[in-house]
Amino acid sequence: MHLMADLLARHAQPGRVDWIGVRPERRAAVVSLPQVQVEMAGLDGDRARAGKRAVTLIQAEHLPVIAGLLGGPEVTPEALRRNILISGINLGALKGRDIAVGDAVLRLTVICAPCSRMEETFGPGGYNAVRGHGGWCAEVVTPGLVRLGDAVRVVD
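Thresholds applied
Residues numbered from 1 in each chain as written. Predicted model: local features only at pLDDT ≥ 70, side-chain atom pairs only at ≥ 80, totals over all residues. Heavy atoms only, no water. Pairing = 2+ DSSP bridges. Helix = DSSP H or I, 4+ residues; strand = E, 2+ residues; numbered from the N terminus. Core = buried A, V, L, I, M, F, W, Y, C linked by side-chain atoms within 4.5 Å. Buried < 20%, exposed > 50% of the residue type's maximum accessible area, 1.4 Å probe, protein only. Contact = heavy atoms within 4.5 Å.

Quick look at the sheet that holds strand β10 (residues 144-147) now. The three strands lie next to each other as β4-β3-β10, forming an open sheet whose pairing is antiparallel. Each end of this open sheet is capped by a strand with a single partner; those strands are β4 (42-43) and β10. Of the strand pairs in this sheet, strand β3 (residues 35-39) and β10 are connected by four bridges, and their pairing is antiparallel. What sits directly across from Gln37, in β10, is Leu145.

If you look at the biggest cluster of nonpolar residues, it comprises 24 residues, and the most contacted ones within it are Val38, Val55, Leu57 and Leu106. Where this core is concerned, the elements lending two or more residues are β1 (15-22), β3, β5 (55-59), β6 (84-87), β7 (98-101), β8 (104-111) and β9 (136-142). Dropping the residues within four chain positions of it, Leu106 is found in contact with Val38, Val55, Leu57, Arg97, Asp98, Ile99, Val101, Ala138, Glu139, Val140 and Val141. Counting residues in hydrophobic clusters, the runner-up holds 13 residues, among them Trp19, Ala60, Leu63 and Leu85.

Without other data, these values stay purely geometric and don't point to any function.
Quick look at the structure:
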């Protein structure tokens, strides 16, 4: 029999950074990048601010789920306006934990709820399609460089 703490600490594999984007200003187009410097206030060039919502992450595996709920074509991370797309590790299992994302260390804080703009982006029902699949907000513990393909792993 396994202790719950042991089960919560195990992950089948590290995650991977599949996409990086910054939002230079409110309602501006998202800019995709091959790498970015993460500062205490968030990603360099992003309009975020320091604190528990400095960086937004989304699970790559949730994009097809959102598309399925919309009954439409592929959903891109740009459409969701998040900063970093992660695959291969369950972000929801990392809430409150410190994770190394490339050279940076982030702490997942709160779920990143959709905004009413999802109705503009995806049409009627867009808001509800993203609910529960919109990713996570994180605070910056240690600044550092993040590149496409970097590993994502728990820091303990």
